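# Commentary on secondary and tertiary structure
The residues making up each chain are set out below.
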Amino acid sequence: IIKWDQQAIPFYETKVQDTAIIQSDKQVSYPLSRINTLFKVMPDLPKEETQPVFMKAYLTHSRKEDLLIYREHPLSILQRSKKMNRSDWNIPGNIVNDIVRAYEQVLSSGYSDVNLIIPPYVHALLYRVVDRTGTMEIELLRHLGNIYISPNVDTIVVISKQVLYVYEKKSTTLENLGRDGVYEVYMLSSELAPYVTDPEGSVVIS
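Attention here is on the structure that accompanies the text.

## Focus: the overall build of the chain
Counting its regular elements, the chain contains five helices and eleven strands. Taking 2.2 N^0.38 as the reference for a compact globule, 206 residues should give roughly 17 Å; the C-alpha atoms of the chain span a radius of gyration of 21 Å, well beyond that estimate. Taken along its principal axes, the extent of the C-alpha atoms in the chain is 65 × 50 × 25 Å. Taken over 206 residues, the chain has a buried fraction of 41%. Counting contacts in the chain only where the partners sit at least 6 residues apart, residues at least 24 apart contribute 73% of the total. Counting every atom, the chain has about 11,700 Å² of accessible surface; 52% of that belongs to carbon and sulfur. Considering the chain, the positive charge centre built from 22 side chains and the negative charge centre built from 25 side chains are found 2 Å apart.

Quick look at the structure:
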């Protein structure tokens, strides 16, 4: 996470020509996104009776931030990553084979500290035995890196932590906006943007 006091991230495309790495002299700016979540509670209730509403609001707000980081921002994981075609995942062993191919691509680009992000339906498929080995696919993946299960992706992402940044101008804050009839009104707000610095360090299998 990078604390950022500007409204946008300056972006310069990087290209490889022959043996040279060249940074473009043309700048493009990508704005940080402001995220708000409003919620209302009945005032003067005991804490244990309002806590579920606060918890639901924080979970909702966190999901909005995750969606921005994973897919909704132009510099997000799903939009900036390199794409790789998938094989038939109905065949045991193919998911592991695809992940290993993507993993090798990330490593060959010079990156390390690799993590796997998978949707829940793929996670369920990994609990099957590969051929006659007696080993489940999920076990074959554990030595590659940390496995994160996220409903915000619809396919597998193999990503190095070295290429993912989150620019944050305002961390999540809670504000009391006052009364609205019989309710006390609150707002959660934050301002941030993701930045996958190099598509070669993140591969989406689709």
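## Observations regarding the nonpolar core
Membership of the largest hydrophobic core comes to 36 residues, with the highest contact counts inside it found for Ile77, Ile99, Ile156, Val157, Val158 and Ile205. Listing elements by their share of this core, those giving two or more residues are helix 1 (47-72), helix 2 (77-80), helix 3 (94-108), strand 6 (114-118), helix 5 (137-141), strand 8 (156-160), strand 10 (183-196) and strand 11 (202-205). Looking at this core, the element that brings in the most residues is helix 3, giving six residues. Formed by eight residues, the second largest nonpolar core is a distinct cluster that contains Ile9, Leu75, Tyr167 and Ala193.

## Overview of the side chain of Thr155
Relative to the helices and strands, Thr155 resides in the loop between strand 7 (146-149) and strand 8. Setting aside chain neighbours within four positions, we find Thr155 in contact with Trp89, Ile117, Ile118, Pro119, Val204, Ile205 and Ser206.

## Side note on the sheet that holds strand 5 (residues 82-84)
Reading across from one edge, 5-11-8-6-7 is the order of the five strands in this open sheet, with mixed pairing throughout. Each edge of the open sheet is held by one strand with a lone partner, namely strand 5 and strand 7. Within this sheet the neighbouring strands show an average axis-to-axis angle of 20°, counted without direction.

## A word on the environment of Val153
Considering the arrangement of structural elements, one finds Val153 in the loop between strand 7 and strand 8. Residues Val153 and Leu126, spaced 27 residues apart in sequence, show a C-alpha to C-alpha distance of 16 Å. If we skip the residues at most four places from it in the chain, Val153 touches Tyr70, Arg71, Leu78, Ile117, Ile118 and Pro119.

Thresholds applied
- Residues numbered from 1 in each chain as written.
- Predicted model: local features only at pLDDT ≥ 70, side-chain atom pairs only at ≥ 80, totals over all residues.
- Heavy atoms only, no water.
- Helix = DSSP H or I, 4+ residues; strand = E, 2+ residues; numbered from the N terminus.
- Rg over C-alpha atoms; globule rule 2.2 N^0.38 Å.
- Buried < 20%, exposed > 50% of the residue type's maximum accessible area, 1.4 Å probe, protein only.
- Contact = heavy atoms within 4.5 Å.
- Areas by Shrake-Rupley, 256 points an atom, 1.4 Å probe, with all protein chains shown as cover.
- Lys, Arg positive; Asp, Glu negative; His and termini not counted.
- Charge placed at Lys NZ, Arg CZ, Asp CG, Glu CD.
- Core = buried A, V, L, I, M, F, W, Y, C linked by side-chain atoms within 4.5 Å.
- Pairing = 2+ DSSP bridges.
- Axes fitted to C-alpha atoms, helices over the stretch in contact; angles between N-to-C directions.

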